[in-house]
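Observations on the model geometry
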Amino acid sequence: MTAQIFAFPAVVNERAARVVAAVVAGLGALVLATGWHWLTALLAAGFLLRVLGGPRFSPLGRLAAQVIAPRLGPSVPTAGPPKRFAQGVGLAVTTTAAVLALGFGLSAPATALVAALVVFAVLESALGWCAGCAVFARLMDWGLIPEETCEACANISLARV
């Protein structure tokens, strides 16, 4: 039962993922422009919610998947596990940035992490290139992530989102 509650979809809508990335990029840019590092904690919370259950628990994920993405055109299915991995990387980066800035007053390294996050979020939102997904694919190539992790999404052309 708990596994079902915290399940991440095997297939997600690429348009929704790009909308989420655009909002992450915008919030990250706001942190860079204002120095409001408390927003990194908000970003980390959003990443945590998306790691736990995709858009199910995330207000931003739900808005992107159910409201914004459908208005951008038909669903574009893409594999869920690499997106979950990318959300996990975002969680690690934003949590580290929040702890550095808010816990230790180290705003320079926190700002550098947020800047990197913004770059990768812009690449995902504008170009559709997901760095976390690329790393996930390499880890699968190297046998560090078993193929069965992504079996359910191996043929996304037949999947419905």
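Right above here is the structure, for reference.
In what follows, the accompanying structure is described. What you see is a predicted model, and the numbers here were worked out from it, not measured in a lab. Throughout this document, residue positions are counted from 1 along each chain, in the order its sequence is written. The model is predicted, so local features are restricted to residues of pLDDT at least 70 and side-chain atom pairs to those at 80 or more, both for listing and for counting; the totals for chains, interfaces and linings are taken over all residues. Note that the side-chain values use all heavy atoms of the structure and ignore hydrogens as well as water.

This part covers helix α3 (residues 38–53). The end-to-end C-alpha distance of α3 is 24 Å, a good match for the 22 Å that 16 residues give at a rise of 1.5 Å each. Turning to α3, its buried residues number three or more, namely Leu39, Thr40, Leu43, Ala44, Gly46, Phe47, Arg50, Val51 and Gly53. The contact definition used throughout considers only heavy atoms, calling two residues in contact when any of these lie within 4.5 Å. Only runs of H or I of at least four residues qualify as helices and only runs of E of at least two qualify as strands under DSSP, and these elements are numbered from the N terminus. For α3, the secondary structure elements touched by its buried residues are α2 (14–34), α4 (59–71), α5 (80–104) and α6 (107–127). Gly54 sits one or two residues past α3 and shows a positive phi near 65°. By this rule, a helix spans an expected 1.5 Å times one less than how many residues it contains. Residue exposure (1.4 Å probe, protein chains only): buried if accessible area is under 20% of the type maximum, exposed if over 50%, otherwise partly exposed.

As a rule of thumb, soluble globular proteins bury nonpolar side chains together. Formed by 15 residues in total, the largest nonpolar core has its most connected members in Val20, Val24, Phe47, Ala64, Leu91 and Leu117. Of all the secondary structure elements, the ones that give two or more residues to this core are α2, α3, α4 and α6. If you tally residues by element for this core, the top one is α2, at 5 residues. Discounting residues that sit within four places of it in the chain, Leu91 has contacts with Ala44, Phe47, Leu48 and Val51. The nonpolar core is taken to be a set of buried Ala, Val, Leu, Ile, Met, Phe, Trp, Tyr and Cys residues, with the residues joined through side-chain atoms within 4.5 Å. Judged by nonpolar contacts, the second largest core, of 8 residues, contains Leu39, Ala97, Ala101 and Ala110.

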